[in-house]
Amino acid sequence: MGKAAVLTALQAPLEIRDDVEHEAPHAGELKIRLAASGVCHSDMSVQNGTIPLGPPMVLGHEGAGVVEEVGSGVTGFEVGDHVVLTFVPNCQECFFCQRNQGYLCEKSSMQMMGGLLDGTTRMTSQGHALKQMALCGTFSEVAVVPAISAVRIDKDVPLKIAALLGCGVQTGVGAATNTADIRKGDTVAVVGCGGVGLNVVQGARIAGAERIIAIDMNDTKLRLAESFGATDTINASDGDPVAQVQALTGGRGADVAFEVIGLQSTIEQSMAMTRSGGETVLVGVPRLDVNLVFNPAFGAIYTAKTLKGCWYGSSNVNTEIPKLLALYQSGELKLDELISREIKLDEVNEAFDAMKGGEVARSVIVF
Ligand SMILES: [Zn+2]
Ligand SMILES: [Zn+2]
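Residues numbered from 1 in each chain as written. Chains lettered and ligands numbered in written order. Predicted model: local features only at pLDDT ≥ 70, side-chain atom pairs only at ≥ 80, totals over all residues.

1. Topic: the overall build of the chain
Part 1: If you tally the helices and strands in the chain, you get eleven helices and 18 strands.
Part 2: If you line up the chain on its principal axes, its C-alpha atoms span 60 × 40 × 40 Å.
Part 3: Looking at the chain residue by residue over its 367 residues, the buried ones come to 51%.
Part 4: Considering only contacts within the chain whose residues lie at least 6 apart along the sequence, 69% involve residues at least 24 apart. (Helix = DSSP H or I, 4+ residues; strand = E, 2+ residues; numbered from the N terminus. Buried ≥ 20, exposed ≤ 12 C-beta atoms within 10 Å, placed from the backbone. Contact = placed C-beta atoms within 7 Å.)

2. So, the sheet that holds strand β14 (residues 254-259)
Part 1: What the six strands build is an open sheet, ordered β13-β12-β11-β14-β15-β16; its pairing is parallel. On the outer flanks of this sheet lie β13 (232-235) and β16 (306-309), each paired with one strand and no other. Along the sheet, successive strands turn relative to each other by an average axial angle of 15°, direction set aside.
Part 2: As paired elements, strand β11 (residues 187-191) and strand β12 (residues 211-216) share five bridges and run parallel to each other. The residue of β12 that forms the bridge with alanine 189 is isoleucine 213.
Part 3: Running over the sheet, helix α8 (residues 264-272) touches β11, β14, β15 (274-282) and β16 and is turned about 145° from β15. (Pairing = 2+ DSSP bridges. Axes fitted to C-alpha atoms, helices over the stretch in contact; angles between N-to-C directions.)

3. So, the sheet that holds strand β7 (residues 123-125)
Part 1: The mixed closed barrel is built from five strands, whose spatial order is β1-β2-β7-β8-β4.
Part 2: Across two bridges, strand β4 (residues 57-58) lies against strand β8 (residues 128-132) in parallel orientation. Within the sheet, the bridge partner assigned to valine 58 lies in β8 and is glutamine 132.

4. A look at the nonpolar core
Part 1: The biggest cluster of nonpolar side chains holds 109 residues, and the ones touching the most others in it are Val190 and Val201.
Part 2: Inspection of this core shows a minimum of three residues originating in each of domain 1 (2-166 + 334-366) and domain 2 (172-310).
Part 3: Discounting residues that sit within four places of it in the chain, valine 201 has contacts with Val190, Cys193, Ile212, Ala214, Ala225, Phe228, Gly229 and Ala230. (Core = buried A, V, L, I, M, F, W, Y, C linked by C-beta atoms within 7 Å. Domains from an automatic or database assignment.)

5. Details of the environment of threonine 274
Part 1: Considering the arrangement of structural elements, one finds threonine 274 in strand β15.
Part 2: Looking at threonine 274, the number of C-beta atoms within 10 Å reads 27, which means it is buried.
Part 3: Measuring from C-alpha to C-alpha, the distance between threonine 274 and glycine 229 comes to 20 Å, with 45 residues separating the pair along the chain.

6. A look at the domain arrangement of the chain
Part 1: Under the domain assignment used here, the chain contains domain 1 (2-166 + 334-366) and domain 2 (172-310).
Part 2: Put simply, the middle of domain 1 and the middle of domain 2, counted by C-alpha atoms, are 29 Å apart.
Part 3: Facing the nine residues of domain 1 at the interface are eleven residues of domain 2.
Part 4: Here the residues of the side of domain 1 that touches domain 2 sort into two nonpolar, three polar and four charged. (Nonpolar A, V, L, I, M, F, W, Y, C, P; charged D, E, K, R; others polar.)

7. A look at the pairing of strand β5 (residues 63-70)
Part 1: The sheet contact formed by strand β3 (residues 29-39) and β5 spans seven bridges and is antiparallel. By the bridge assignment for β5, alanine 36 is matched with alanine 64.

8. Regarding the packing of helix α4 (residues 168-179) against helix α5 (residues 195-207)
Part 1: Across the interface, α4 lies against α5 with an axial gap of 7 Å and an inter-helix angle of 40°. The angle between the axes of α4 and α5 places the two elements in the oblique class. Of the two possible hands of crossing, α4 and α5 adopt the one that is right-handed. Contacts between α4 and α5 involve Gly168, Val169, Thr171, Gly172, Val173, Ala175, Ala176 and Thr177 from the first element and Gly195, Val196, Gly197, Leu198, Asn199, Val200, Gln202, Gly203, Ala204, Ile206 and Ala207 from the second.
Part 2: In terms of residue class, the contact of α4 with α5 is made up of ten nonpolar, nine polar and no charged. (Parallel < 35°, antiparallel > 145°, perpendicular 65-115°, else oblique. Left-handed = near helix turned anticlockwise from the far one by under 90°.)

9. Section: the pairing of β15
Part 1: The buried fraction of β15 amounts to seven of the nine residues, a majority that puts the element mostly inside the structure.
Part 2: Relative to β15, β14 runs parallel, the two being bridged by five bridges. In the sheet register, alanine 257 faces β15, and the bridge partner there is threonine 280.
Part 3: Regarding the hand of the β-α-β motif, the stretch spanning β14, α8 and β15 is right-handed.
Part 4: Where β15 and β16 come together, four bridges link them in parallel fashion. Each residue of the ladder has a partner; that of leucine 282, found in β16, is glycine 309. (Right-handed = clockwise from strand over helix to strand, strands pointing away.)

10. Observations regarding helix α11 (residues 348-356)
Because an α-helix packs 3.6 residues into every turn, residues spaced three or four apart end up facing the same way.
Part 1: The complete set of buried residues in α11 reads Val348, Ala351, Phe352 and Met355. What you see down the axis of α11 is that its buried residues fit within an arc of 105°, all on one side. Within α11, the exposed residues directed more than 90 degrees away from the buried face are Asp353 and Lys356.
Part 2: Once α11 ends, the next one or two residues include glycine 358, with phi positive near 75°. (Arc of directions from axis to C-beta.)

Below is the structure:
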């Protein structure tokens, strides 16, 4: 039996339960004792119903921990291994994995079902099965997950740092280093400087951008963006951000603009602040009623801009996590600075409140 934070009703605080039971791993699965879990905006989106997964569910999808039990047929893991969990596993066998596009892996689409790969779950409480968010459910002391959802890492990496690699870092850094085609000396604009946006900023720096314009309506986030490599900042409440980007770029616009919020207005602004022949990269997850509008469509042809959707930083998790850890160990990738507070599992609802207030980069649950 163990402790977990359970979503029992939409928009209600998570319930901390200490009676959660975990089945032994089935074939192809691992039982993980979690050491740390990040608290991400997507967890809150499930809690408030924006992502329609529904209760009862153990939330949490960016975690790291230690392998406690290995299911039959699993190769490459043993008890005691340290792992990072991912909600976009690569099966290595499907159409997309074979084409080096593991972020589109056919198996990872199972994450929207609330169970593991066979649709069922390994957690129960008070006689009911609990769904596990995104093949994980890391707001829990223990989680049984598909073995392909785990990536083994060196034991000298602190697990609270490793936990960050499963979601926001991979998405943000990958957007700049994998999805976009940033060239040395480029000018990049980043619209939205929350947890993912900060990682786009540092990814752009790593990719060789010379000028990185951070755009947000929150000055605290803009100051933070500077410490991650932004060279210029724009507070969008001080007037049209498109005009401000143009003023900084000789009227041309940015070579690459990243949208990291997901609102109709900021998507349109990001496309407008991209220079002719440049790239707009959509990273922020919009609601389903947000539409892309080219008005007039002529402009899309005449300006020869490229629009790219970015899912999970176009990352293949098994190669990306070692790459990110190497960048961290060489000092190029800032991870310690992303953790604004360490909390206990019981404090997860306060972490949601802090996120709503826009005051934190990341709260990390340390078990
Ligand atoms: Zn996340
Ligand atoms: Zn696959």
